[in-house]
Amino acid sequence: MISLDQVSKVYRTKTIETTALNNINLEVPKGEFLSIMGPSGCGKSTLLNIIGLLDEPSHGQVTIAGQQVQKYASKTTSRFRNEKLGFIFQSFHLIPDLRVIDNVELPLLYRNVSSKERRRLSEEALESVGLKNRMSHFPNQLSGGQKQRVAIARAIVGKPQIILADEPTGNLDSVMGNDVMDILLDLNKKGETTIVMVTHDENMARKTNRLVRLYDGSQIK
Amino acid sequence: MIGHILKLIWNKKGNNSLLIIEIFLSFLVLFAVLSYVIYNTDRLNLPTGFDTENRWLIYLDRNDKDMDSLANAQMRINLKNELLAMSNIESVGFSFSVSPYSNGTWSSSYDDLGFEIGSRFCKVDIDFEKTMNINVVKGRWFDETDINPTYEPMIVNEFFLNKYFPDVNMLDSIIPFGGDKKIIGVVDDYRYNGVFEEEQSTTFFFQPYTNKDAQIVYLKLSPGTPKSFEEDVSKTVESITKSTSFVIQDLQAMESRNSRQTWIPMIALLSISGFLCINVALGLFGVLWYNINNRRSEIGLRRALGASRPGIAAQFTGEVLVLTLLAIVIGVFFAIQVPLLKLIDIPQIIFYKSMAFSALIILVIVTICALYPSGQASRIQPAFALHED
Ligand SMILES: Nc1ncnc2c1ncn2[C@@H]1O[C@H](COP(=O)(O)OP(=O)(O)OP(=O)(O)O)[C@@H](O)[C@H]1O
Ligand SMILES: [Mg+2]
């Protein structure tokens, strides 16, 4: 499902050059729940961004769902991201000026889906994370755990094959973190969604199929 | 997408209302200024009905110095002949005290059994027509037969006819206008206060130049007559009228002095509203810039969720345009009251034109101001923007 072939990422600024990823080879089969761990600054987010086609590798080739990625800024890539990928972030990234339901339907806005259908699918997604009764709230009226569940609803509303989660429980206490983790595990089992999750939490990592450790941009075998 | 943009705008109504008010007020100011400008410039291309180039006016001394009317008439005949004998003078006409750009007007209105006719009028002589190049479009100008007529003759402009007798051939008809008057001719117009003057009903009556009320002499000069020729004219007039209290004026110079009185405030107002527009543009630019920088993570998120770069630019431009349209709609609602309630008595089409122009100008300004920040927004790197907080 996901294949990285000798991927490196170097960030260059005027004064310094940072190697965020160094020659990563990674295969994630369909349906796997993979977790990535490593100290801060080791390149976990960078790796996830490259899998998510948000960032272009300096070297190497990325293949997602059988497709080699060529042009990162193109419309085709945008559409691909929209249809195949779902994102969850540590800081939720909900749009504060939109109600919960409107936040959830965002991915569908970039597809040809009627507003009625958008509404139906969004309600369905919210129902599956147990937040149907918070539909008309604004994000600042929700707890952290609820916000992340909204973000999950947004990630799954378009029924993507792959979900990329960057420390989804990082800002949550353990109870709320476990809730979120249960939802992800459920998605992985029932929906056969491939999930790649960055985490700092060994307990969370242990619940997944496989763990990859990064150190200073390199994979620890 | 429009629905989505409306939702975003509505949910941020607090922030957006300031922007809307700013655009709304600019619309109203533009509307007022443009209405004024269009009102004034609307008639720039219409004929004034007479020539100003190579025309001089002589304002004769009003004290007739105990001359009896016979002597007075003889003096005028001499004056005309002497002037015509001069090399640079092609034609000489006379009128009583109303002259171009004098800002003086004689007018009267008569009510005949409920039918009221009002018009301003000028009393002129036979040669006035060719001296001033008046354009007779129907009938004829005054001639010798008008000296002792059965009915006093009058010549009216087309506006007069369209106003009081539309769709009727009035030539040679007798109308009650301070006694029975016969319409013997029609001129296109005689807007003697200049290009900015509105068309209005205007009438010529006949007055032989031998009459002592014919105080203003009109000279048609050959092209290229030097300014120094004024001295020769002066000498001639002085020797015949035995007076030095007359004034010679160049009609063209009078015209430019006159139109400057309208151009100057108009240009001042236009400059002020130009500055206003620049101000609004800068303000708008700043607000957009600020908004977009505040929404970097939103932009990153939208890109992650599948928005393309043009999609982002379109969304931000779209938001501003929707806001602007909203402000314009509110502006039009107020502005349109002026023509609907006929608050100002000028052709109402001016207000509709002015509304259209104001809306257009504002839309152009806003679009220009929105394009660059929106383009910047679309260039934000999603990975970068999502990383920031
Ligand atoms: N846009 C950028 N420009 C320059 N350097 C960058 C950029 N983004 C990341 N880096 C650098 O790349 C390295 C990896 O960053 P990354 O965000 O992937 O770390 P991380 O493992 O996600 O850390 P954390 O656990 O703190 O989130 C860091 O040293 C970081 O400073
Ligand atoms: Mg990170």
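As the structure is a prediction and not an experimental result, all values here were calculated from the model. (Residues numbered from 1 in each chain as written. Chains lettered and ligands numbered in written order. Predicted model: local features only at pLDDT ≥ 70, side-chain atom pairs only at ≥ 80, totals over all residues. Heavy atoms only, no water.)

Considerations on helix 6 (residues 229–241) of chain B
All names here are of chain B. The end-to-end C-alpha separation of helix 6 is 18 Å, in line with the 18 Å expected for 13 residues at 1.5 Å each. For helix 6, the full list of buried residues reads F229, V233, T236, V237, I240 and T241. Along the long axis of helix 6, the arc covered by the buried residues comes to 110 degrees, so they all point the same way. Residues E231 and K235 are exposed on helix 6 and point more than 90 degrees away from its buried face. Next to the buried residues of helix 6 lie strand 1 (55–59), helix 3 (69–85), strand 2 (89–95), strand 10 (216–221) and strand 11 (247–250). Once helix 6 finishes, K242 follows within two positions and takes phi at roughly 55 degrees, a positive value. (Helix = DSSP H or I, 4+ residues; strand = E, 2+ residues; numbered from the N terminus. Expected span 1.5 Å × (residues − 1). Buried < 20%, exposed > 50% of the residue type's maximum accessible area, 1.4 Å probe, protein only. Arc of directions from axis to C-beta. Contact = heavy atoms within 4.5 Å.)

Thoughts on the interface of chain A and chain B
The interface is formed by 25 residues belonging to chain A together with 24 residues belonging to chain B. Taking both sides of the interface into account, the surface hidden between chain A and chain B amounts to around 2300 Å²; carbon and sulfur atoms contribute 63%. Taken as a group, H93, D97 and Y110 of chain A account for 27% of the area that chain A buries against chain B, more than any other trio of residues on that side. The interface formed by chain A and chain B holds 3 salt bridges in total. Ionic pairing is found between K7 of chain B and D102 of chain A, a salt bridge with its closest N-O pair at 2.8 Å. Applying the counting rule to chain A against chain B returns 6 residue pairs in polar contact (both at pLDDT 80 or more). Every element with two or more residues in the side of chain A that touches chain B is listed here: helix 1 (44–51), helix 2 (75–84), strand 6 (85–89) and helix 4 (106–109) of chain A. (Buried area = accessible area lost by both parts, 1.4 Å probe. Salt bridge = Lys/Arg side-chain N within 4 Å of Asp/Glu carboxyl O. Polar contact = N/O pair within 3.5 Å; in protein donor to acceptor, adjacent residues only side chain to side chain.)

As for the domain arrangement of chain B
Residue and element names in this part refer to chain B. You can read the domains of chain B as domain 1 (2–44 + 258–388) and domain 2 (61–245). Of note, the centres of domain 1 and domain 2, computed from C-alpha atoms alone, are 53 Å apart. Counting residues at the interface gives 11 residues for domain 1, matched by 10 residues for domain 2. When domain 1 packs against domain 2, close to 820 Å² is buried across both sides, 53% of that on carbon and sulfur atoms. Considering only the surface of domain 1 that becomes buried against domain 2, R43, L44 and N258 emerge as the three largest contributors, covering 62% of it. Counting residues per element, the ones that place at least two in the side of domain 1 that touches domain 2 are helix 2 (13–41) and helix 7 (251–294). Taken together, the residues that form the side of domain 1 that touches domain 2 break down as 6 nonpolar, 4 polar and 1 charged. (Domains from an automatic or database assignment. Nonpolar A, V, L, I, M, F, W, Y, C, P; charged D, E, K, R; others polar.)

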